[in-house]
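What the coordinates show
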Number of protein chains: 2
Amino acid sequence: MIYRYAFGQPYDTDAVVLDVPPSEGAVPHLDVAVGEKGQDAVRFSFSMDPEDILFGLGETVRGQNKRGHRYVSWASDIPNHTENLQSLYAAHNLLLVFGKNRLFGLYLDDPGRVTWDLGWTRRDRAEIVSENGDLNLYILEGDSLKAIAREFRQLTGRSYIPPRWAFGYIQSRWGYAGEAEAREVIREHRKRHIPLDGLCLDIDYMDDFKNFTWREKAFPNLQGFLEDARKDHVHLIPIIDAGIRQEEGYAAYDSGKARQAFCTREGGEDFLAAVWPGMCCFPDFMNRDARQWFGEQYRPLLEAGFEGFWNDMNEPALFYTEQSLDRAFATAREQMKHPEDYEGMWFLNAAFNGMANNPEDYRSFWHRMDDGRRVRHDRVHNLYGAFMTRATAEGFRAFDPDRRFLLFSRSSFIGAHRNGGVWMGDNHSWWSHLKLAFHMLPNLNLCGFLFCGCDLGGFGCDTTEDLLERFLQLGVFLPLMRNHSALHTREQEIYRFSIWETMRDTLTVRYALIPYLYSEFVKAAEEDGMLFRPLAFDYPEDARAVHTEDQLMLGGECMIAPVFDQNAAGRYVYLPEDMLLLRFRSAEDYDEIPLEQGDHYVELQLGEFPLFVKRHAFIPLSPGAEYTDALDDAAFRTPGWDAEGAKYELLREDREMLGIEWKKE
Amino acid sequence: MIYRYAFGQPYDTDAVVLDVPPSEGAVPHLDVAVGEKGQDAVRFSFSMDPEDILFGLGETVRGQNKRGHRYVSWASDIPNHTENLQSLYAAHNLLLVFGKNRLFGLYLDDPGRVTWDLGWTRRDRAEIVSENGDLNLYILEGDSLKAIAREFRQLTGRSYIPPRWAFGYIQSRWGYAGEAEAREVIREHRKRHIPLDGLCLDIDYMDDFKNFTWREKAFPNLQGFLEDARKDHVHLIPIIDAGIRQEEGYAAYDSGKARQAFCTREGGEDFLAAVWPGMCCFPDFMNRDARQWFGEQYRPLLEAGFEGFWNDMNEPALFYTEQSLDRAFATAREQMKHPEDYEGMWFLNAAFNGMANNPEDYRSFWHRMDDGRRVRHDRVHNLYGAFMTRATAEGFRAFDPDRRFLLFSRSSFIGAHRNGGVWMGDNHSWWSHLKLAFHMLPNLNLCGFLFCGCDLGGFGCDTTEDLLERFLQLGVFLPLMRNHSALHTREQEIYRFSIWETMRDTLTVRYALIPYLYSEFVKAAEEDGMLFRPLAFDYPEDARAVHTEDQLMLGGECMIAPVFDQNAAGRYVYLPEDMLLLRFRSAEDYDEIPLEQGDHYVELQLGEFPLFVKRHAFIPLSPGAEYTDALDDAAFRTPGWDAEGAKYELLREDREMLGIEWKKE
């Protein structure tokens with residue numbers, strides 16, 4: 001059952017697809033306090049029992065269970081994802097409360113700043129504050145966590161489904177200098193039989209970082225390169241940023257300007273801020289005409305044959321504005337007069353560090369919403385990336401409504417899950433970020449984002465070969481399996497490491513699993529379900545299972561439990577029921593070990609990783625391939641334990657169902 | 001067996017107390033390459049088997065096992081202890097290599113920069129590089145990890161032993177405004193019967209942050225306050241920083257200047273850098289006369305009755321020098337001419353961020369060593385904090401050679417372990433830092449630092465009540481049990497939280513354990529042993545034990561295994577032998593659960609924590625107290641399993657042995 005309560009003047013956020021009539025009377029489950037507008041305008045709170053668990057908030061720091069921290073829904077480009085952060089790139093305002101005696105969900109359809117004190121001030125109290133107070137609050141009730149998750153998806157619409165090749169392994173790096181280097185990366189993979197389906201192009205490909213342009217010198221024959229790559233079964237996936245450089249004669253700028261497609265300051269002049277290309281205008285994605293214009297910009301690339309894109313810097317990230325730069329310079333000038341004032345030096349530092357993404361800049365530009373309202377950016381800040389995704393997806397549909405394109409974005413808001421996937425932004429080569437990515441998976445799924453992944457190996461900082469290998473072992477199960485790293489960090493293509501054969505072997509398991517994973521993914525999307533689920537969703541009565549944070553249910557048959565610690569030789573696993581342990585070294589080389597319900601320590605050397613399959617079920621394991629084009633939906637092996645009579649319905653990309661029966665090996 | 005190999009012209013670092021004659025022939029275990037001086041002058045390397053484990057390096061990031069990262073021995077004031085860091089505040093150049101077929105230790109007595117690539121570039125290779133090449137290399141051989149650890153302590157001397165009251169609970173915060181607030185903190189503890197033995201005073205107590213001064217307004221009657229606190233059984237523990245403000249008329253500056261006790265630039269003029277008090281001179285702790293002068297500065301405080309101090313900022317931390325400030329200003333001036341140059345803005349940011357602790361400043365001042373050599377700071381950088389500790393300890397001994405004083409330092413070098421303890425510096429209120437502190441414990445012990453602890457609750461960022469409670473549960477076993485936090489963070493005295501009674505109950509366990517912990521501590525010091533040991537030290541043949549990173553042996557009878565994860569309801573524990581689980585809620589309220597060798601999941605709600613006692617042994621549990629003065633070495637309870645006939649020799653502070661026999665309850 002879904003209840004809706006409107007506060008203030010809610011915005012059309014595109015998050016909800018069901019028309020839920022407003023409910024009467026008091027809001028169930030929550031204490032509600034309405035205050036002054038624009039200043040903690042509405043406060044929702046509830047008490048918690050010691051054993052209550054909170055799921056949700058999608059892309060955030062910390063564990064599967066969100067209890068014990070203070071989160072802020074405010075899309076932010078902050079690259080250091082330490083556990084004290086309150087915001088990442090997205091804003092996903094869904095929370096499920098799961099306790100001994102209660103179960104409900106709450107969703108704030110609110111595009112402004114929302115603060116979630118979930119047992120931070122007091123462990124037994126949750127307080128959720130909408131700064132603006134213009135929102136729809138939805139209360140979700142149901143018999144189970146799964147039922148509420150499904151109900152929420154029905155409210156917000158079916159999840160995006162990418163083409164199957166997007167489940168292939170994708171190599172990426174900020175810093176590929178041009179076609180020659182890109183060709184070499186592809187060649188090194190093929191030469192060593194390291195599977196590969198995609199190559200991301202980061203901002204390096206652009207002419208002066210301008211969207212929809214190409215650096216001629218680095219890519220003298222783009223079309224030829226694209227075609228060669230496709231012959232090699234590799235998809236090129238260019239990046240597109242939010243900002244459009246202010247430069248007359250640059251087609252995207254000129255056409256956007258002519259279409260009045262850019263955000264403006266209060267007085268109507270263009271809002272400008274520095275990002276990679278220098279001073280930029282920002283498309284007003286809140287506006288239908290602007291979205292249409294932006295979507296059209298992809299057309300030449302689609303016509304050239306590109307089938308996938310990633311949208312970046314769309315919180316939007318602002319390095320600085322003329323105004324924030326002036327403020328910092330003024331501080332510097334003042335400070336330079338008093339070199340003896342050592343305490344002032346902290347302010348100086350803070351002045352420059354604080355230029356980027358500052359609240360004042362976010363309050364200084366305006367949108368023309370679809371409903372005609374002119375709205376200051378900070379009121380609807382969290383929609384920006386989501387509406388960029390929407391613009392892109394609308395452009396795809398206008399180009400070819402029947403084709404699936406790959407699209408994933410850094411910033412997102414619920415609703416964008418219908419148009420594309422997400423990656424988890426600029427993580428680091430940290431072991432703790434391997435676990436952080438894992439913890440985000442079920443909460444992202446809960447919020448509708450089924451197609452997601454993290455930068456395998458870590459984006460910032462230098463990776464090590466063991467960390468990359470353990471990242472890849474998680475990556476085997478992620479819908480988006482991308483190895484990505486930053487300029488000036490250690491190069492982390494698989495073939496650069498002494499244990500590259502171990503890594504290649506790990507990828508063979510991915511390709512053997514793609515038919516199954518894609519099938520489970522599409523089923524989850526079409527049935528409004530989740531691909532990754534906390535154990536609590538499947539075993540709500542099992543007290544041990546509900547508190548297990550380092551394992552996840554995957555699809556209908558499986559459980560995953562990666563190794564998260566450097567130098568570990570194995571890990572503990574709790575089995576909520578009997579399962580078959582598949583201990584993989586490669587698609588050809590794995591142990592099958594039946595394990596009974598309960599606790600187990602599983603030995604897992606560096607090249608080994610586990611997949612658990614429920615007793616009486618099995619998974620179809622394909623013979624694999626070096627790219628998805630060559631995957632054959634036949635000759636499946638069917639590892640399973642006591643799976644006599646079991647059958648798996650494989651949903652293929654062409655929508656055909658293929659019935660697979662268990663065979664004893 | 002200890003072998004010594006000299007390279008270049010080694011310095012007298014005060015690290016080693018044994019006179020080991022130089023060895024002839026090739027260095028065993030290592031490949032050695034000698035290059036150019038001052039530029040990766042000496043390189044030691046060795047190959048590693050997949051199962052080899054590396055212990056050592058004392059205070060560093062990452063796990064108990066140091067394999068898989070690149071560390072740099074370079075004492076650094078970096079407050080964000082993320083896992084990519086290469087340096088913390090100390091430099092502890094000891095490494096133990098423990099594999100199936102080999103076992104040895106290596107110690108580089110080298111006060112300059114040393115880089116440790118321990119399987120970072122390649123997982124199967126370690127490379128250790130001394131930048132300067134002036135060092136003694138010691139190779140340690142023995143029958144066991146324990147034997148090598150003992151051998152190393154014999155080489156470097158007996159560990160510092162503090163007075164027993166220093167094992168009491170200590171409250172601290174940067175920001176206590178003065179006597180009134182300090183008295184209130186004490187009162188709030190006593191009122192609620194929260195045990196307390198010490199109160200640290202941070203830089204706030206000083207007059208303009210000047211060492212050995214007091215802010216009269218805040219502490220109008222220091223002597224009276226000190227005496228009242230002692231009547232209340234609370235020890236006041238002031239902070240002392242490394243830098244001495246350049247200010248004529250300020251006694252410490254005038255006397256230091258007169259004694260030529262400060263470091264100089266190459267031409268002989270004072271080296272100046274900004275720290276808390278503004279522009280400071282830096283005592284030349286490498287010089288005997290300067291140390292004596294510095295030690296004398298403590299005398300008035302000792303005469304006033306202070307019995308404990310903490311030495312800080314002694315890497316030394318440098319906020320900036322006139323020179324580094326000029327460089328940053330020059331960058332700013334240049335950049336301000338080109339506001340359109342957005343890439344230049346990154347340099348501008350970097351210029352200000354890079355002013356602190358920069359290599360150029362560390363190359364611009366000089367020491368007069370005890371042997372008469374004049375040496376540039378960077379050559380001996382890592383000694384600075386250790387020699388400050390030495391100066392302080394020498395001052396204590398000159399004042400009263402028979403008394404134990406409390407002393408702990410932020411920066412350290414092996415050798416300083418004879419003169420004082422350490423805390424782990426400016427950690428954060430992060431769950432990952434709870435685990436990081438745990439991982440440092442055995443490695444610090446290995447390097448001689450038995451008296452150590454971390455800032456419980458976390459120094460930087462805001463704590464939560466569950467995090468503080470779990471930190472306290474670890475703190476129960478730490479020699480230094482201090483709750484410390486930074487200015488502008490959430491106040492984290494126990495009584496400020498809704499679950500303060502749970503925290504107080506946790507402290508009761510500490511006080512019940514103090515007689516045992518102090519006894520085990522003193523035995524470890526006197527027998528050149530370790531209080532905290534990786535399981536590999538006690539169970540080298542047990543393959544599971546040697547890879548266990550989240551448990552530690554404690555003293556002769558115990559094992560500890562804290563909860564490290566937020567919202568956890570328990571944890572797994574591997575028992576290398578039969579043990580009795582004591583699941584504590586308070587000193588009066590605990591479960592005794594015999595557990596057999598093997599794997600166990602132990603339920604541990606927020607207020608619960610475990611201590612494991614070996615079968616056939618027991619621990620003496622005193623009735624506790626609210627301060628150590630009131631601890632009574634009688635009426636011990638003796639929890640143990642099958643401990644018939646077992647006896648524990650309790651070493652008391654007065655050096656008397658008290659025999660305690662097991663009694664069935």
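Residues numbered from 1 in each chain as written. Chains lettered and ligands numbered in written order. Predicted model: local features only at pLDDT ≥ 70, side-chain atom pairs only at ≥ 80, totals over all residues. Heavy atoms only, no water.

To continue, consider the overall build of chain A. Scanning chain A for helices and strands turns up 16 helices and 34 strands. Its C-alpha radius of gyration of 25 Å places chain A within 12% of the 26 Å reference for a compact globule of 665 residues. In terms of overall dimensions, chain A has a C-alpha envelope of 75 × 65 × 55 Å along the principal axes. Each of the 665 residues in chain A was classed as buried or not, and the buried ones make up 67%. Within chain A, residue pairs in contact and separated by at least 24 positions form 72% of the contacts whose partners lie at least 6 positions apart. Counting only carbon and sulfur atoms, one obtains 47% of the accessible surface of chain A, whose full area is about 21,700 Å². (Helix = DSSP H or I, 4+ residues; strand = E, 2+ residues; numbered from the N terminus. Rg over C-alpha atoms; globule rule 2.2 N^0.38 Å. Buried < 20%, exposed > 50% of the residue type's maximum accessible area, 1.4 Å probe, protein only. Contact = heavy atoms within 4.5 Å. Areas by Shrake-Rupley, 256 points an atom, 1.4 Å probe, with all protein chains shown as cover.)

Right, let's get into the sheet that holds strand 14 (residues 244–245) of chain B. Within a sheet, each strand pairs with its neighbour through backbone hydrogen bonds, oriented either parallel or antiparallel. All names here are of chain B. Within the open sheet, the three strands sit side by side as 14-16-15. Their pairing is antiparallel. Taken across any chain shown, the strands that pair with only one partner, and hence form the sheet edges, are strand 14 and strand 15 (273–275). Of the pairings in the sheet, the one linking strand 15 to strand 16 (residues 278–281) comprises three bridges and is antiparallel in character. Within the sheet, the bridge partner assigned to Ala274 lies in strand 16 and is Met279. (Pairing = 2+ DSSP bridges.)

Residues and elements named next belong to chain A. Along the chain, Arg571 falls in strand 28 (residues 570–575). Polar side-chain contacts of Arg571 include one of 3.0 Å to the backbone oxygen of Asp550. Here Arg571 is in contact with Asp550, Gln551, Ala561, Pro562, Val563, Phe564, His600, Tyr601, Val602 and Leu604, once residues within four sequence places are set aside. (Polar contact = N/O pair within 3.5 Å; in protein donor to acceptor, adjacent residues only side chain to side chain.)

Tallying the contact residues gives 60 residues for chain B and 58 residues for chain A. Taking both sides of the interface into account, the surface hidden between chain B and chain A amounts to around 5,300 Å²; carbon and sulfur atoms contribute 56%. When residues of chain B are sorted by the area they lose upon contact with chain A, Tyr342, Asn567 and Tyr572 of chain B head the list and together hold 14% of the total. Linking chain B with chain A are four salt bridges. A salt bridge links Arg123 of chain A to Asp466 of chain B, with the nearest nitrogen and oxygen atoms 3.0 Å apart. Here chain B is connected to chain A by 31 residue pairs in polar contact (both at pLDDT 80 or more). (Buried area = accessible area lost by both parts, 1.4 Å probe. Salt bridge = Lys/Arg side-chain N within 4 Å of Asp/Glu carboxyl O.)

Residue and element names in this part refer to chain B. Looking at the secondary structure, you find Ile593 in strand 30 (residues 590–595). Using a relative accessible area of 25% as the deciding quantity, one classes Ile593 as partly exposed. For the pair Ile593 and Lys337, spaced 256 residues apart in the sequence, the C-alpha separation amounts to 73 Å. The residues touching Ile593, leaving out its near neighbours within four places in the chain, are Met579, Leu580, Leu581 and Arg583.

Take the relation of the copies chain B and chain A next. Each copy of the sequence occupies a distinct position, and chain B is placed on chain A by a rotation of 180° and an axial shift of 0.0 Å, giving an RMSD of 0.0 Å. The transformation just described matches what one would write down for a two-fold rotation axis. (Least-squares fit on C-alpha atoms with pLDDT ≥ 70 in both.)

Residue and element names in this part refer to chain B. Under the criterion given, the structure shown has 10 cavities of 30 Å³ or more. Computed from the structure, the largest cavity encloses a volume of approximately 90 Å³. Here the lining of the largest cavity gets three residues from one element, more than from any other, and that element is strand 5 (residues 69–73). Of the residues contributing to the lining of the largest cavity, the split by class is seven nonpolar, five polar and one charged. (1 Å grid on protein atoms, 1.4 Å probe; cavity = no way out; pocket = protein on both sides within 12 Å on 5 of 7 lines; lining within 4 Å. Points joined across faces, edges and corners; volume = space filled by probe spheres on them. Nonpolar A, V, L, I, M, F, W, Y, C, P; charged D, E, K, R; others polar.)

Right, let's talk about the pattern of salt bridges for a bit. Two side chains that carry opposite charge are able to pair once their charged atoms sit near each other. Residues and elements named next belong to chain A. Inspection of the entire model under this criterion finds 120 salt bridges over all chains. Ionic pairing is found between Arg504 and Asp505, a salt bridge with its closest N-O pair at 3.9 Å. Each of the salt bridges in this network shares a partner with another, and the network as a whole consists of Asp14, Arg288, Arg291, Asp370, Arg390, Glu394 and Arg418.

Turning next to the nonpolar core. Membership of the largest hydrophobic core comes to 456 residues, with the highest contact counts inside it found for Leu106 of chain A together with Leu106 of chain B. Leu106 of chain A has contacts with Leu30, Phe46, Asn93, Leu94, Leu95, Trp116, Ile128, Leu137, Tyr138, Ile139 and Leu140 of chain A, leaving out every residue within four places of it along the chain. (Core = buried A, V, L, I, M, F, W, Y, C linked by side-chain atoms within 4.5 Å.)

Residue and element names in this part refer to chain B. One way to put it is that helix 12 (residues 465–475) packs onto helix 13 (residues 500–526) with a least axis distance of 9 Å and a crossing angle of 5°. On the basis of their axis angle, the class for helix 12 and helix 13 is roughly parallel. In this structure, helix 12 contributes Glu465, Leu468, Glu469, Leu472, Gln473 and Gly475 to the contact, and helix 13 contributes Thr502, Met503, Thr506, Leu507 and Arg510. When grouped by side-chain class, the residues that make up the contact of helix 12 with helix 13 number four nonpolar, four polar and three charged. (Axes fitted to C-alpha atoms, helices over the stretch in contact; angles between N-to-C directions. Parallel < 35°, antiparallel > 145°, perpendicular 65-115°, else oblique.)

Moving on, we come to the sheet that holds strand 26 (residues 552–554) of chain B. Residues and elements named next belong to chain B. As summarised here, the arrangement of the six strands in space is 25-26-27-32-29-30, forming an open sheet in which the pairing is antiparallel. Here the strands that pair on one side only, and so sit at the sheet edges, are strand 25 (532–533) and strand 30. With three bridges joining them, strand 26 and strand 27 (residues 558–560) adopt antiparallel strand pairing. Along strand 27, the bridge assignment pairs Met553 with Met559. In the packing of helix 13 onto the sheet, the strands contacted are strand 26, strand 27, strand 29 (579–584) and strand 32 (609–614), and the crossing angle to strand 32 comes to about 25°.

As a further point, take helix 12 (residues 431–446) of chain A. All names here are of chain A. The largest bend along helix 12 reaches roughly 25° and is located at Met440, with the proline Pro442 sitting one to four residues downstream. The buried fraction of helix 12 amounts to 14 of the 16 residues, a majority that puts the element mostly inside the structure. A positive backbone phi angle near 105° is found at Gly448, which sits one or two residues after helix 12. (Bend = angle between axes of the 7 residues up to and from the residue.)

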